[in-house]
Amino acid sequence: MMELKIELLLWIVLKMRTFNLDDLHIFRSVVEEGGVIKAAALLNRVPSNITTRIKKLEERLDVQLFQRQGRGIVLTEAGQILHQHSERILHMADDIERDICGLGARGNLKIGSLESAAGVRLPKILAQFNAEYSEISLELKTGSTDFLLERLKTFDIEAAFVSEPCDLGSLNSIKVFEEELVLISSTQVKAITEPQDLKGVTIVAFVHGCSYRRCLIEWLAEAKVSPKRFLDLSSYHAIVACVAAGAGIAIMPRSILEHVVIGDVVKQHTLPNHIKKNNTYLVWNGNTSPQLRALISLIPNTN
């Protein structure tokens, strides 16, 4: 199966020499808008023109990019491969045009972030970015570290703020923030000083893919301690509220308790140094675009 995918990718690469960037832009629009009609409205074209351009692109590449499924269309395997690379190719073309024409930093910048960083560390930076780079349209997606790394692989975002532990592979990275992780419990719970204190306790946390959750699991695993179960939630406010009500314990950056929610509704417990010290990184694929360089310039300690 892997050999077939490699052969298909090589075939597409060879054929790509025969079409222009406008073809790729139309193709990407159809994918992202979910169909020809919406893509036509976005590009201010008639649907028949979009359909014709897609058919000609398929003829040039000698592959089928879409197939019908019910009333909609879905990508074929060849279409999936082309879509994975289309964002990077078009972004690179924009970078080249800006560098040659001296247009500077403008256009779009799609980034991802942990909810903790988005709620505490980024607001001032993004406000300054908006003031100084008004010609750049910024889009921010939040999610777990694993979720964001997946979005980077598919080029849905250009860069992301993620935390350790994580496998960055070949991604470029710079350390941007340092967090102190703490355990929180209801005010009725006695001091928690070692993993054994959490035996049989419910852990309230974000879903799988959260690096802070992974830190806590690794700490418990060191002592061969298993929690009773996990209660998966999707926001820090909900996590703190459930912990305060006695549903279980949770792990999170101390900065969240200080800046986003009322920290005195829960009890904070200090973790060992090798667990509580946690770094946040800005990671990205390949070269930095002018837009990303503009953002990096505003992050303290990266200049």
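Note that this is a predicted model, so its numbers are computed, not measured. (Residues numbered from 1 in each chain as written. Predicted model: local features only at pLDDT ≥ 70, side-chain atom pairs only at ≥ 80, totals over all residues. Heavy atoms only, no water.)

1. What about helix α3 (residues 36–43)?
Let me state the cut-off plainly: Buried means the residue's accessible area, taken with a 1.4 Å probe over protein chains only, is under 20% of the maximum for its type, while exposed means over 50%, and partly exposed covers the values in between. Think of it this way: any DSSP run of H or I at least four residues long counts as a helix, any run of E at least two long counts as a strand, and we number them from the N terminus. Directions drawn from the helix axis to the C-beta atoms are what define this arc. Contacts are assigned to residue pairs with any non-hydrogen atoms lying within 4.5 Å of each other.
Listed as buried for α3 are A39, A40 and L43. Summarising the axial view, the buried residues of α3 lie within an arc of 100 degrees, below the 170-degree limit, and thus occupy one face. Within α3, the exposed residues directed more than 90 degrees away from the buried face are I37, K38, A41 and L42. Elements that come into contact with the buried residues of α3 comprise α2 (21–33) and α4 (47–61).

2. A short note on the pairing of strand β5 (residues 159–163)
Operational definition: Here, any two strands with at least 2 DSSP bridges between them count as paired.
Of all five residues in β5, five are buried, a share of seventy percent or more. Of the two faces of β5, the one lined by A159, F161 and S163 and the one lined by A160 and V162 are each fully buried. In this structure, strand β3 (residues 107–113) lies alongside β5, joined through three bridges in parallel fashion. Residue pairing in the sheet places G112 in a bridge with A160 of β5. Pairing geometry for β5 and strand β11 (residues 277–284), over five bridges, is antiparallel. Paired with V162 across the two strands is Y281, which belongs to β11.

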